[in-house]
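Chain by chain, the residues run as shown.
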Amino acid sequence: MNVIGNISMFIPLGIIWPLCFKKLDRVWKSFLAGSGYSLFIEISQLLFFERCSDIDDWILNSTGVLIGTLIYFMVKKFRRVKN
């Protein structure tokens, strides 16, 4: 359940960030931004005793960002070809 939750939670981030930030105009830029955001979340959890930071969470979150980013850019390319 943790795997599905972490991946699915970050798919919208991979879709929405390229829409909101025009500088994220490439797959790798969007992926690095989302992956960095996930890394920030995992590192900030170290400040709280009741939270636990895990490398697996970062990998799964980054995978979700990548899936969302790929969906966004594939739809964008399909719409451009269609027009």
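Residues numbered from 1 in each chain as written. Predicted model: local features only at pLDDT ≥ 70, side-chain atom pairs only at ≥ 80, totals over all residues. Heavy atoms only, no water.

Hey, could you go over the environment of Trp58 for me, with residue numbers and the actual values?
Within the secondary structure layout, Trp58 lies in helix H3 (residues 55-82). With relative accessibility at 25%, the residue Trp58 sits in the partly exposed group. In sequence terms Trp58 and Ile7 are 51 residues apart; their C-alpha atoms lie 9.8 Å from each other. Ignoring sequence-local partners within four residues, the contact set of Trp58 consists of Ser35, Ser38, Leu39 and Glu42. (Helix = DSSP H or I, 4+ residues; strand = E, 2+ residues; numbered from the N terminus. Buried < 20%, exposed > 50% of the residue type's maximum accessible area, 1.4 Å probe, protein only. Contact = heavy atoms within 4.5 Å.)

Tell me what's going on with helix H2 (residues 27-44), and back it up with residues and numbers.
Across its 18 residues, H2 extends 26 Å between first and last C-alpha, which sits within 8% of the 26 Å expected from 1.5 Å per residue. When we look at burial in H2, the residues that qualify are Ser30, Gly34, Ser35, Ser38 and Glu42. Buried residues in H2, looked at end-on, bunch into an arc of 125 degrees, giving them a common side. Of the exposed residues in H2, the ones pointing more than 90 degrees away from its buried face are Trp28, Leu32 and Phe40. Buried residues in H2 make contact with helix H1 (2-20) and H3. (Expected span 1.5 Å × (residues − 1). Arc of directions from axis to C-beta.)

Account for the side chain of Asp57, with residues named and values stated.
By secondary structure assignment, the location of Asp57 is in helix H3. There is no salt bridge for the buried Asp57, and the closest opposite charge comes from Arg51, which lies 6.6 Å off by N-O distance. For Asp57, the residues in contact, after removing those within four places along its chain, are Asn2, Asn6, Ser38 and Glu42. (Lys, Arg positive; Asp, Glu negative; His and termini not counted. Salt bridge = Lys/Arg side-chain N within 4 Å of Asp/Glu carboxyl O.)

Mind laying out the packing of H1 against H3, listing which residues take part and the relevant values?
The axes of two packed helices give the description: the angle between them and the distance between them. Running from amino to carboxyl end, H1 crosses H3 at an angle of 45 degrees, the nearest separation of the two axes being 6 Å. Judged by the angle between their axes, H1 and H3 are oblique. Here H1 runs over H3; the crossing is right-handed. Of the residues in H3, those touching H1 at Asn2, Val3, Asn6, Ile7, Met9, Phe10, Ile11, Leu13, Gly14, Ile15, Pro18 and Leu19 are Asp57, Leu60, Asn61, Thr63, Gly64, Val65, Ile67, Gly68, Thr69, Ile71, Tyr72 and Phe73. Its residues assigned to classes, the contact of H1 with H3 shows 15 nonpolar, eight polar and one charged. (Axes fitted to C-alpha atoms, helices over the stretch in contact; angles between N-to-C directions. Parallel < 35°, antiparallel > 145°, perpendicular 65-115°, else oblique. Left-handed = near helix turned anticlockwise from the far one by under 90°. Nonpolar A, V, L, I, M, F, W, Y, C, P; charged D, E, K, R; others polar.)

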